Amino acid sequence: MQTDTSREAGIERLSSTSISSVTNPYHLVLHFIRHDIAEAATQYASGQLLDVGCGNKPYEDLFKNRVSSYIGCDIVQSSLNVVDNLCPANDLCYGDQAFDTVFSTQVIEHVADHHGMVKESFRVLKPGGHAIFTAPFNWELHEEPYDFFRFSKHGLKFLFEKYGFEVIKIKSNGGKWAAISQLWLNVLLSTRKYRTLRSRIIKLLFLRLKLIVPYNRFFIWLDKRYFDDVFTLNYIIVARKPL
């Protein structure tokens, strides 16, 4: 099976170490994604799991003691060389009903044929198996030019139900305070590329002096205290293949 040779192999990806650090500039978004994936893994993951678009498998540790095997596929090899099989998300190299759980996080927006991705996930799942996906609703362009879509909770429900899934839940990964503060931090830190005095001061305050730590902790608290998910960065969807 051919892979997409136009995409660069070995690009630096998230790792389990990087996503857990409060000093990570993306800690706000990763905090809520990690929490919600852990919750879904505890409640719905089982048996043989396929991670579609696995990269460096940054969330594999959340599925320990929940699944019997953890297989990852991607379009190119990852920077840690942990991809088990190379194949497109819309043309998986596995037989029908091969897995009990299909997991994919922040990948579906990069798949031009995202309908095909969901259809293939349904095909390789055993009856009664679960799909656990996360998808962005609001985020800046990334991994261009392979950044194709953003998804509302209503769009995700429509997409998964169209291909036969029973949607169990759709949950926002944080609310508007986490979203706004993360995007504002993205804007502040993006000024580093201009190499101005202001950008050096921002780097000194947030990264060298670690102002980013109380910043992240405060807005996580604020988001939970005044939760409102009319505006969010991402959603997690859990869907079941009927028996």
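Up top is the structure.
Here goes a summary of the coordinates provided. Here the structure is a predicted model, which means the values were calculated and not measured.

### Comments concerning unusual backbone geometry
Next, step 1: With an omega dihedral of 5°, the bond running from E144 to P145 counts as a cis peptide bond.
Next, step 2: Backbone geometry places K57, a non-glycine residue, at a positive phi of 55°.
Next, step 3: Tracing the sequence through the fold places K57 in the loop between β1 (48-52) and β2 (69-74).
Next, step 4: The residue E143 is not glycine, and still its phi comes out positive at about 50°.
Next, step 5: Here E143 is to be found in the loop between β5 (125-136) and α4 (153-162).

### Some words on the environment of D61
Next, step 1: With respect to the helices and strands, D61 occurs in the loop between β1 and β2.
Next, step 2: In this structure, the C-alpha to C-alpha distance between D61 and V124, residues 63 residues apart in sequence, is 23 Å.
Next, step 3: Among the polar contacts listed, one links the side chain of D61 to the side chain of R34, at a separation of 2.9 Å.

### Looking at the sheet that holds β5
Think of a sheet as strands paired side by side through backbone hydrogen bonds, with each pair either parallel or antiparallel.
Next, step 1: An order of β3-β2-β1-β4-β5-β7-β6 is seen for the 7 strands of this open sheet, with the pairing classed as mixed. Either end of the sheet is taken by a strand with one partner, and the two such strands are β3 (85-86) and β6 (166-172).
Next, step 2: Sheet topology note: the β2/β3 ladder contains 2 bridges and is parallel. Bridge pairing in β3 links D74 to L86.
Next, step 3: This element, helix α2 (residues 27-44), spans β4 (99-105), β5, β6 and β7 (234-240) of the sheet and lies at about 150° to β6.

### Here's the deal with helix α7 (residues 212-225)
Next, step 1: Here α7 spans 20 Å end to end across 14 residues, near enough to the 20 Å set by a 1.5 Å rise per residue.
Next, step 2: Of the positions making up α7, those classed as buried are I212, V213, Y215, N216, F219, I220, L222 and D223.
Next, step 3: As for α7, its buried residues are in contact with α2, α5 (176-190) and α6 (197-208).

### Thoughts on the packing of aromatic side chains
Next, step 1: Under the definition given, this model contains 15 aromatic pairs.
Next, step 2: Ring plane angle 90° and centroid distance 5.1 Å describe the contact between F122 and F165, whose orientation is recorded as edge-to-face. Taken together, the residues span a long stretch of sequence, with F122 in helix α3 (residues 114-124) and F165 in the loop between α4 and β6 at a distance of 43 residues.
Next, step 3: Overall, the relative accessible area of 21% leaves F122 in the partly exposed class.
Next, step 4: Seen from their ring centres, F148 and F149 are 6.2 Å apart, and the 50° between their planes marks the pair as tilted.
Next, step 5: You can call F149 partly exposed: its relative accessible area is 28%.
Next, step 6: Across from the ring centre of Y226, 4.8 Å away, lies the NZ or CZ of R225, which sits over that ring.
Next, step 7: One Lys or Arg, K241, reaches over the ring of F122 and ends 4.7 Å from the middle of that ring.

What counts and what doesn't
- Counting restarts for each chain: residues are numbered from 1 in the order of the written sequence.
- It should be noted that, the model being predicted, local features are given only for residues of pLDDT at least 70 and side-chain atom pairs only at 80 or more, the latter also being counted only at that level, while totals for whole chains, interfaces and linings use all residues.
- Only heavy atoms go into the side-chain values, all of them from the structure, while hydrogens and water stay out.
- Numbered from the N terminus, helices here are DSSP runs of H or I no shorter than four residues, and strands are runs of E no shorter than two.
- Contacts described as polar in this section are N or O atom pairs within 3.5 Å, which, within protein, must combine one atom able to donate a hydrogen with one able to accept it, while residues neighboring in sequence count only if both atoms come from side chains.
- By this definition, two strands are paired if DSSP reports at least two bridges between them.
- Any two residues whose heavy atoms approach within 4.5 Å are treated as being in contact.
- Here an angle of 0 to 180 degrees is reported between the N-to-C directions of two axes, which are lines fitted to C-alpha atoms, with helices fitted over the stretch in contact.
- To estimate how far a helix should reach, multiply one less than its number of residues by 1.5 Å.
- Burial status follows relative accessibility: with a 1.4 Å probe on protein chains alone, a residue under 20% of its type maximum counts as buried, one over 50% as exposed, and anything between as partly exposed.
- By convention, a stacked pair of Phe, Tyr or Trp rings (six-membered ring in the case of Trp) has centres within 6.5 Å and planes under 30 degrees apart, an edge-to-face pair has planes over 60 apart, and any other such pair is tilted.
- Working rule: Lys NZ or Arg CZ, within 6 Å of ring centre, within 35 degrees of ring normal, means a charge sits over the ring.

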